[in-house]
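Here are the chains, one letter per residue:
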Amino acid sequence: MEAVKQKNPSPKGTVMIQSESKWKKFAKNFPVHKYYYLLMIPGLLTLLLFRYAPMGGIIIAFKDFKIAEGIFGSPWAGLHWFKMLFSNSQFTRVLYNTIYISLSKLVFGFPMPIILAIMINEVKNVPLKRSIQSIVYLPHFISWVVIGGILFSMLSPTVGILSIFGFSKNPLLEPSNFRTLIVLSDIWKEAGWGTVVYLAAITGISEELYEAATIDGANRFQKIWYITLPSIASTIAVLLILRTGTLLTAGFDQLYVLQSPATMDVGDVLDTFVYRYGLAQGRFSFATAAGLFQSVVGLILVSISNMFARRMGQDGIL
Amino acid sequence: MKKRKNFSDYVFDIVNTSLLIFISIVMLYPFWHELCLSLSSAAESTRGGIFIIPRQFTLEAYKLVIRSSFIWTSFYNSIYCAFLTTVIGVLFTSMLAYPLSKKELMGNRSISFVVVFCMIFNGGMIPTYLVVNNLGLVNSLWALILMAIVTPYNTIIMKNFFTSLPTEIEEAAFIDGAGPLRIFFTIVLPLSKAVLATIGLWLAVASWNNFMMPLIYLNDRELYTLPLYIRQVIDGQLLARTTGEGAQSAVESVIGATIIITIIPIICVYPYLQKYFVKGVMLGSVKG
């Protein structure tokens, strides 16, 4: 709640409305309040160093940055890197891959936790329900490096379970299957954990609604369709809207771990592109321009999606 | 509530439960597969197929893995990072969040905006790297720790929790002459154990599983954390397989054993993880 309200008055506005008496109050409170400011220093300093200082570093996207010359010594380059970026065929493909993978995850991955949550909710045997929940949450807590290792060995044509079906090649190394497997493995890892929010929303539905429906002769599907789903509809809508804010993030860890030279054409995304060009090849300015493009589009998308979420009476993340 | 069960209800329950059990098996099998690989003999693990139980049970792979000093170094590095990130992170985050819950504090809203803004915009990978480089933290575990300790989201969650605490106790302590610092450390923090545990576990798991930061900031093998180590083992073993060198040294079971060893700590604390992570999602959704 608070977080939303703070967004509206800009920091500037807050300073402007401080009237004389507020300053007096501030002076009066200071002997006590100074301890509050003291408490905040370490946290604010951390944010300043590791979040705000890099924002200043964005300037190198408009410069021809050389480490030896430093940020201020390097000559200006104007929009040179952005022009290069958009005329770079690799970048356009990377952008396409990012949106393609991210949208596929949204379209196929988003409904899964909803379906799973409804299914889990229909289990009336409590110990069984708890066990199923514990199991489906588990992959969320394991890192992509580990999952990647497991996937490669499971899907290996010689040693994995596919060997019995006579596959000749690891499907993760084939461009035609790669994106499908990215989406599937993402669903496998996160769908279970995604149910938590929906199960919490379902718990809030009044039992009386179901009893009334039972008396009216509704069957289980009808109860799900006419009671459960409409009751969690607002949760679904808000999560969907917020999810669209992350359209340009396809997931660094997953893609970096699962991609290989063979699948670079279909599996290279913005995050891995920036990493490769910036840190592996040392083309700092070019990579920063790509990263800035991603951040700015992300900022716009998140702002729009939050505006919609708020219009629906929800708070969003801002 | 008395329920009248009819035939279609039974069918629904049976189908639904069977589907869920099938899904659970799909979720668990990959881990079981890896466990079986790690416990099978080199020859059997290389033969592949579906594992119901380990074939030709042996601990050879584990013996091989724990003999390597690097896994212990990585283990130590991971624990070091996770521990310090958790302790410092919980401390700094709560210290930042508590004053923000005080409405009468001047500048409260501006500072909250400063915190929240980091959530929607960031400098990106390269500028962040350059800043860390200028601070002399590249190739240091402290880079990982310092960058992870304070996150906007955690701060907001804690702030909302502190706002929801009843103020009467604090007011009484204030009248008795206790200052804000004393109230915070001796009254507020002990009342907030649930949220501190939740944030602490988030930080610990995020640190344990972090792959991108170590990949970017650590070069020395001596400093590798577990995710980097696993990556290296997998790459190395795959290379050995393609060149045919590793044919004798149980490739699959070595990868399996390394992976299982790194999962074990997560499994050990899993009951707590589940409980507090679910609690955290609730905290987040209450706040909205």
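The structure this text deals with has already been given above.
Everything quoted here is computed from the prediction, not taken from an experiment.

### Focus on the overall build of chain B
Within chain B, the regular secondary structure consists of 15 helices and zero strands. Computed over the C-alpha atoms, the radius of gyration of chain B is 25 Å, more than 25% above the 19 Å expected from 2.2 N^0.38 for a compact globule of 288 residues. The principal-axis extents of the C-alpha atoms in chain B amount to approximately 75 × 70 × 35 Å. Accessible surface, chain B as shown: approximately 13100 Å² in total, 68% of it carbon and sulfur. For chain B, the separation between the mean place of its 20 positive charges and that of its 15 negative charges on side chains is 8 Å.

### Section: the packing of helix α4 (residues 69-100) of chain B against helix α8 (residues 152-164) of chain B
Residues and elements named next belong to chain B. In the contact formed by α4 and α8, the axes pass within 8 Å of each other and the chain directions differ by 55 degrees. By the angle between their directions, the pair α4 and α8 is classed as oblique. Handedness of the α4/α8 crossing: right-handed. Between α4 and α8, the contacting residues are Val90, Thr93, Ser94, Leu96, Ala97, Tyr98 and Leu100 on the first element and Asn154, Thr155, Met158, Lys159 and Phe162 on the second.

### What about the packing of helix α12 (residues 220-244) of chain A against helix α16 (residues 284-311) of chain A?
Residue and element names in this part refer to chain A. Viewed as axis vectors pointing N to C, α12 and α16 meet at an angle of 165 degrees, and their least axial separation amounts to 7 Å. Considering their axes alone, α12 and α16 lie roughly antiparallel with respect to each other. Note on packing geometry: the crossing formed by α12 with α16 is right-handed. Between α12 and α16, the contacting residues are Ile241, Leu242 and Thr244 on the first element and Leu301, Ser305, Asn306, Phe308 and Ala309 on the second. Classifying every residue of the contact of α12 with α16 by side-chain character gives five nonpolar, three polar and no charged.

### Comments concerning the nonpolar core
By size, the foremost hydrophobic cluster in this structure holds 170 residues, and its most contacted members are Phe141 of chain A together with Phe162 and Tyr217 of chain B. When residues in this core are grouped by element, the largest group, 13 residues, is from α4 of chain B. No fewer than three residues from each of domain 1 (1-58) and domain 2 (69-220 + 275-287) of chain B sit in this core. In contact with Tyr217 of chain B, other than residues within four places in its own chain, are Thr128, Tyr129, Val132, Val138, Asn139, Ser140, Ala143, Leu144 and Met147 of chain B.

### Re the interface of chain A and chain B
On the chain B side, the residues contacting the 100 residues of chain A number 102 residues. Between chain A and chain B, roughly 9600 Å² of surface is buried when both sides are summed, and carbon and sulfur atoms account for 77% of that area. Its largest share of buried area at the contact with chain B, chain A owes to Leu39, Phe50 and Phe141 of chain A, together 8% of the area lost on that side. If you look at where chain A meets chain B, you find two salt bridges.

### Some details on the packing of aromatic side chains
Pairs of aromatic rings are described using the distance from one ring centre to the other and the angle between the two planes. All names here are of chain A. As enumerated under the stated definition, the model contains 40 aromatic pairs over all chains in all. Taking 5.8 Å as the distance between ring centres and 75 degrees as the angle between the ring planes, the aromatic pair formed by Phe91 and Phe293 counts as edge-to-face. With Phe91 in helix α6 (residues 89-109) and Phe293 in helix α16, this residue pair connects regions lying 202 residues apart in the sequence. Given the relative accessible area of 0%, Phe91 is considered buried. On the basis of an interplanar angle of 40 degrees and a centroid distance of 4.6 Å, the ring pair of Phe273 and Tyr277 is categorised as tilted. Of this pair, Phe273 and Tyr277 are both found in helix α15 (residues 270-280), four residues apart, which corresponds to roughly one turn of the helix. Each member of the pair, Phe273 together with Tyr277, is buried. Taken together, Trp81, Phe86, Phe91, Phe273, Tyr277, Phe286 and Phe293 form an aromatic cluster joined through their ring pairs.

### Considerations on the side chain of Thr46 of chain A
Relative to the elements of secondary structure, Thr46 of chain A occurs in helix α3 (residues 20-57). A relative accessible area of 9% means that Thr46 of chain A is categorised as buried. When sequence neighbours within four positions are dropped, the list of residues in contact with Thr46 of chain A reads Arg51 of chain A together with Phe92, Leu146, Ile149 and Val150 of chain B.

### Some details on the pattern of salt bridges
A complete count under the given rule lists 10 salt bridges over all chains for this structure. A salt bridge links Arg220 of chain A to Glu122 of chain A; its shortest N-O distance comes to 2.9 Å. Highlighted residues: Arg220 of chain A in helix α12 and Glu122 of chain A in the loop between α7 (111-121) and α8 (126-137), separated in sequence by 98 residues. One exposure class covers both Arg220 of chain A and Glu122 of chain A, and it is buried. Between Lys63 of chain B and Glu60 of chain B there is a salt bridge, with the nearest N and O atoms lying 3.9 Å from each other. Of the two residues, Lys63 of chain B and Glu60 of chain B both sit in helix α3 (residues 60-67), three residues apart, roughly one turn of that helix. Overall, the relative accessible area of 46% leaves Lys63 of chain B in the partly exposed class. Note on Glu60 of chain B: relative accessible area 46%, which makes it partly exposed. Through salt bridges that share partners, Glu122 and Arg220 of chain A together with Asp9 and Asp13 of chain B make up one connected network.

Thresholds, definitions, all that
Residues numbered from 1 in each chain as written. Chains lettered and ligands numbered in written order. Predicted model: local features only at pLDDT ≥ 70, side-chain atom pairs only at ≥ 80, totals over all residues. Heavy atoms only, no water. Helix = DSSP H or I, 4+ residues; strand = E, 2+ residues; numbered from the N terminus. Rg over C-alpha atoms; globule rule 2.2 N^0.38 Å. Areas by Shrake-Rupley, 256 points an atom, 1.4 Å probe, with all protein chains shown as cover. Lys, Arg positive; Asp, Glu negative; His and termini not counted. Charge placed at Lys NZ, Arg CZ, Asp CG, Glu CD. Axes fitted to C-alpha atoms, helices over the stretch in contact; angles between N-to-C directions. Parallel < 35°, antiparallel > 145°, perpendicular 65-115°, else oblique. Left-handed = near helix turned anticlockwise from the far one by under 90°. Contact = heavy atoms within 4.5 Å. Nonpolar A, V, L, I, M, F, W, Y, C, P; charged D, E, K, R; others polar. Core = buried A, V, L, I, M, F, W, Y, C linked by side-chain atoms within 4.5 Å. Buried < 20%, exposed > 50% of the residue type's maximum accessible area, 1.4 Å probe, protein only. Domains from an automatic or database assignment. Buried area = accessible area lost by both parts, 1.4 Å probe. Salt bridge = Lys/Arg side-chain N within 4 Å of Asp/Glu carboxyl O. Phe/Tyr/Trp six-rings, centres within 6.5 Å; stacked < 30°, edge-to-face > 60°.

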